[in-house]
Amino acid sequence: MLPFQDTKLSPKERAHDLCARLTSREKTGQLNQRLYGFQSVRREGERLTLDEAFRKEVLRFGGLGTLYGLYRADPWSGRNRENGLYGQNAVRAYNLAQRFVVEHSRFGIPMLVSSECPHGHQALDGYLLPVNLAAGATFQPELLYEAGKVCGRQLRELGVDLALVSTLDILRDPRWGRSEECYGEDPFHASCFARAIVRGIQSQGVAVVAKHFCAQGETTGGLNASAARIGPRELREIHLPAAKAVCQAGARGIMAAYNEIDGVPCHANETLLREILRGEFGFDGLIMADGCAIDRLNDQTGDTVASGALALRSGVEISLWDEGFSRLDEALERGLMDEETLNRAVERVLALKFERGLFERLYLPEERPLTFFSKEAFPQSLALSRESIVLLKNEGVLPLRAGETLALIGPAADDLYRQLGDYTPPVEPEAACTLLQGLRQMSGPERLLCYDNGSDPERAAALAAKADTVVLALGGSSSRFEQARFDTNGAALSGSMDCGEGVDSAGLRLPDGQHELFARVRAAAKKLVTVLIIGRPYAVPEIAEGSDGLLVAFYPGPWGGQALAEILLGRFSPSGRLPVSFPRHPGQLPVYYNPKAGIVPWSYADSKQGPLFSFGDGLGYGRIQYRDFELLPKPLPEGTLSEGTLPVDDTPVLELHFRAENPGPAEETAVPMLFVTDLESDVTRRVRELKAFDKKAVPAGESAAFSLTLTAEGLAVWNRRMERELQRGRFRLCLQDGGRSLYETIWTL
């Protein structure tokens, strides 16, 4: 027995021994993830064959490091129900590919399999969730944790080792097409959800690769992969907390981002990847490249081989579809890097393979039936949908009254893929519910007077005039299923999408004449409820002003139509809160709620001041009353005040206790948020910062107790020396729910 075959040794010890036995070409192969895995196994009926490109890649490197997207299905991959992998043929395909890799590796090294899971597994029969922006709107990270466990279980059954999960991007410019992949605009809020999804998926034995690191949501002009023109303070205050959170949660992988930060591309940023991620955050997992990103370093190096070496030296360890990493052995011969750097990366990859037990469990059992992930057995996706829907306006029209006739109008009313967001596989009709289907099932066909998709505004207006209340379903689309064309990395180049990767917006107007449709329907309708099913905030002041009721659903997932119908009909009271602010006009941007203090933000001579709707806004059908506030400072470690500092960690500093009472006739949900303003600091602080939140359902006529805690870390500041420090001084504490101020005080540390 060779040492690497000894299961009594640690994964790192086994990896060190095996790496020493590999040639530089074999080592290079272990760091590569060049193939489109969905093309690697061909299916014709029940017949499976290996693609020639897959065979050549394995033979070239004497093995394979990682195979991307074996099960991916969508228009870019070209895989669907007729030629894609699902059920038992997916298991057989995994075994077929893995067997070829193992049998053509001198030491029988298996491959890792990576798969996209930004909001559920992007595969046929994949268990799908609402997009991240919807998850953020729930203000309930524990619910995302439970949904993540379901996703992780499905990935595990198919042998997926690495789940590529959007967790790290902070939404600072809604013009960015990938806004839907963010949990919101606030770093503390986003960190809670990032930690939850990593814990949920990894609890099922699947490693998460959290993406994208770092500051991709900052953008220049809202353009995808553009420069983040920020300094270290903005980076640390806004964009690094989520990455630190997933490291603390034990994430096994991090994906570098396309953008540059202050002139340095993330894939070539040794300070970011080695000093901060590994040194400060203690990250011990794998760092993966984004698609084709290493070859984009050619703009700096002018040489593909040099680009691969630069990325490896900077900290990247697994490639994605690029050429640069496929020539690392050549880079070694040219002296562009040393062998120690190459070995360090290879040992990390091999250690993960040993850690996951791949050498002892090479293949999946083909006789074992796969789990059917139905809504009934796994209701977490529907629960997220219900909790995510935000009511922003209600002038007595919601919930819809019994006996009223309804007209449902609009392009988002019966288009499933407008509910699902980008990175979505084909979905079977019986595995989803649109708004039209939900209203028909729950209100009855006799009450639903008519439905029209709004393609003819004149006809839509005529139908609207016949109904007591009109429900107008508007929104955007990240659907790849309508004649979209794609770049080599899968980003959209054209098609009907107005949101999603590669689809950025200058004007933030709803597409396809929907503003004109709204005006015609508004003029004809007696009462108008507008439902926005969207993947980003749009500038919709006319729609907000003209609607009697306004609901926002950030791509609410396959069961979003059911959740919307339940809320419209009053079966549930809406409990979502905005995770991102809405501008009145794109010329106002940025309009996030937490700019730096010192000026009056968004004050323009030709526009109303402030955002149209702000982070945290949202209503229920009833009204929670808050009372019995009690502020309790915690005992501090002896001597810390006299020394002028406190340790910056999760030590509780202050607790706010209170009760939420529901005097109404139906259950309502309390979503209290505690904002802090640092009034005395040696650097400019933000006008306010979210530091704690909670969410609880309160039955009719009952109350619930809450306790929100402020920690030393939560109150600390990056001082002038860019050191994390808790400074003594005064803080303004403000408790809010739905944008309504509940309690405010000044507290001195």
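Structure: above.
To start, this report covers the structure provided alongside it. (Residues numbered from 1 in each chain as written. Predicted model: local features only at pLDDT ≥ 70, side-chain atom pairs only at ≥ 80, totals over all residues. Heavy atoms only, no water.)

Considerations on the pairing of strand β28 (residues 730-737)
At step 1: The element β28 is extensively covered by neighbouring structure, given that 6 of its 8 residues are classed as buried.
At step 2: Across 6 bridges, the pairing between strand β22 (residues 673-678) and β28 is antiparallel. Residue Phe675 lies in a different strand from β28, and its bridge partner there is Cys734.
At step 3: For β28 and strand β29 (residues 740-748), the ladder comprises 8 bridges, and the chain directions are antiparallel. (Buried < 20%, exposed > 50% of the residue type's maximum accessible area, 1.4 Å probe, protein only. Helix = DSSP H or I, 4+ residues; strand = E, 2+ residues; numbered from the N terminus. Pairing = 2+ DSSP bridges.)

Things to note about the packing of aromatic side chains
At step 1: The final tally for this structure, using the stated rule, is 26 aromatic pairs.
At step 2: An angle of 15 degrees between the planes, with centres 4.7 Å apart, marks the rings of Tyr593 and Phe615 as stacked. Linking Tyr593 in the loop between α20 (560-568) and β19 (625-633) with Phe615 in the loop between α20 and β19, this pair joins segments that are 22 residues apart in sequence.
At step 3: Residue classification places Tyr593 among the buried positions, given a relative accessible area of 3%.
At step 4: Residue Phe615 is classed as buried on the basis of its relative accessible area, which comes to 1%.
At step 5: Each ring, one from Phe629 and one from Phe658, has its centre 5.9 Å from the other, and the planes form 35 degrees; the classification is tilted. Taken together, the positions of Phe629 in strand β19 and Phe658 in strand β20 (residues 652-661) put the pair 29 residues apart, joining distant regions of the chain. (Phe/Tyr/Trp six-rings, centres within 6.5 Å; stacked < 30°, edge-to-face > 60°.)

Remarks on the sheet that holds strand β12 (residues 406-409)
At step 1: Read across the sheet, 6 strands follow the order β11-β18-β17-β14-β12-β13 without closing on themselves; strand pairing throughout is mixed. A strand with exactly one partner marks an edge of an open sheet, and here the two such strands are β11 (390-394) and β13 (448-452). Across the sheet, the mean angle separating the axes of adjacent strands is 15 degrees when strand polarity is ignored.
At step 2: As defined by bridge partners, β12 adjoins strand β14 (residues 469-475) across 4 bridges and the pair is classed as parallel. Note on β14: the bridge partner recorded for Ala407 is Val470.
At step 3: Against the sheet, helix α18 (residues 514-524) engages β12, β14 and β17 (528-534), with an angle of about 175 degrees to β14. (Axes fitted to C-alpha atoms, helices over the stretch in contact; angles between N-to-C directions. Contact = heavy atoms within 4.5 Å.)

Comments concerning the nonpolar core
At step 1: Among the nonpolar cores identified, the biggest contains 136 residues, and Leu31, Phe54, Tyr71, Ile201, Phe213, Ile261 and Leu350 are the most heavily contacted of them.
At step 2: The element that contributes the greatest number of residues to this core is helix α14 (residues 339-355), accounting for 8 residues.
At step 3: Beyond its immediate sequence surroundings of up to four residues, Phe54 is in contact with Leu35, Ser40, Leu64, Leu67, Ala97, Phe100 and Val101.
At step 4: Leu435, Met442, Ala464 and Ala525 belong to the second largest nonpolar core, which has 71 residues in total. (Core = buried A, V, L, I, M, F, W, Y, C linked by side-chain atoms within 4.5 Å.)

A closer look at helix α3 (residues 52-61)
At step 1: Restricting attention to buried positions, one finds in α3 the residues Phe54, Glu57, Val58 and Phe61. The buried residues of α3 occupy an angular sector of 95 degrees when the element is viewed end-on, so they sit on one face. Of the exposed residues in α3, those oriented more than 90 degrees away from the buried face are Lys56 and Leu59.
At step 2: Against α2 (24-30), β2 (47-50), β3 (66-68) and α4 (87-103) lie the buried residues of α3.
At step 3: Looking at where α3 begins, the residue whose side-chain oxygen comes 3.0 Å from the main-chain nitrogen of Ala53 is Asp51. (Arc of directions from axis to C-beta. Polar contact = N/O pair within 3.5 Å; in protein donor to acceptor, adjacent residues only side chain to side chain.)

Quick notes on unusual backbone geometry
At step 1: Residue Pro399 is bonded to the preceding Leu398 through a cis peptide linkage, with omega at 0 degrees.
At step 2: The omega torsion of the bond from Leu589 to Pro590 falls at 5 degrees, within 30 degrees of zero and hence cis.
At step 3: Mapped onto the elements of the fold, Pro590 is located in the loop between α20 and β19.
At step 4: The residue Phe139 is not glycine, and still its phi comes out positive at about 50 degrees.
At step 5: For Phe139, a relative accessible area of 2% translates into the label buried.
At step 6: Even without being glycine, Ala215 reaches a positive phi, approximately 70 degrees.
At step 7: Mapped onto the elements of the fold, Ala215 is located in the loop between β6 (207-213) and α8 (232-239).

Looking at the side chain of Ser307
At step 1: Mapped onto the elements, Ser307 comes out in helix α12 (residues 304-314).
At step 2: The residues touching Ser307, leaving out its near neighbours within four places in the chain, are Ile294, Leu297, Asn298 and Thr301.

Regarding the packing of helix α7 (residues 187-202) against helix α9 (residues 241-248)
How two helices sit against one another is set out by the angle between their axes and by the gap between those axes.
At step 1: Between α7 and α9, whose axes approach to 8 Å, the crossing angle comes to 30 degrees. Considering their axes alone, α7 and α9 lie roughly parallel with respect to each other. Like other packed secondary-structure pairs, α7 and α9 cross with a definite hand, here right-handed. Two secondary-structure elements touch here, α7 through Pro187, Ser191, Ala194, Arg195 and Val198 and α9 through Pro241, Ala242, Ala245, Val246 and Gln248.
At step 2: Looking at the contact of α7 with α9 residue by residue, the classes come out as 7 nonpolar, 2 polar and 1 charged. (Parallel < 35°, antiparallel > 145°, perpendicular 65-115°, else oblique. Left-handed = near helix turned anticlockwise from the far one by under 90°. Nonpolar A, V, L, I, M, F, W, Y, C, P; charged D, E, K, R; others polar.)

A short note on the pattern of salt bridges
At step 1: For the structure shown, the criterion picks out 52 salt bridges.
At step 2: A salt bridge links Asp329 to Arg25; the nearest nitrogen and oxygen atoms lie 2.7 Å apart. In this pair, Asp329 sits in helix α13 (residues 328-333) while Arg25 sits in helix α2, placing the two residues 304 residues apart along the sequence.
At step 3: A relative accessible area of 37% means that Arg25 is categorised as partly exposed.
At step 4: Ionic pairing is found between Glu157 and Arg153, a salt bridge with its closest N-O pair at 3.8 Å. (Salt bridge = Lys/Arg side-chain N within 4 Å of Asp/Glu carboxyl O.)

Regarding the sheet that holds strand β23 (residues 689-693)
At step 1: Judged by pairing direction, the sheet is antiparallel, and its 4 strands sit side by side in the order β23-β22-β28-β29 without closing on themselves. The open sheet terminates on both sides in strands that have one partner only, identified here as β23 and β29. The sheet shows a mean angle of 25 degrees between the axes of neighbouring strands, direction not considered.

Just distances and angles here, no functional claims.
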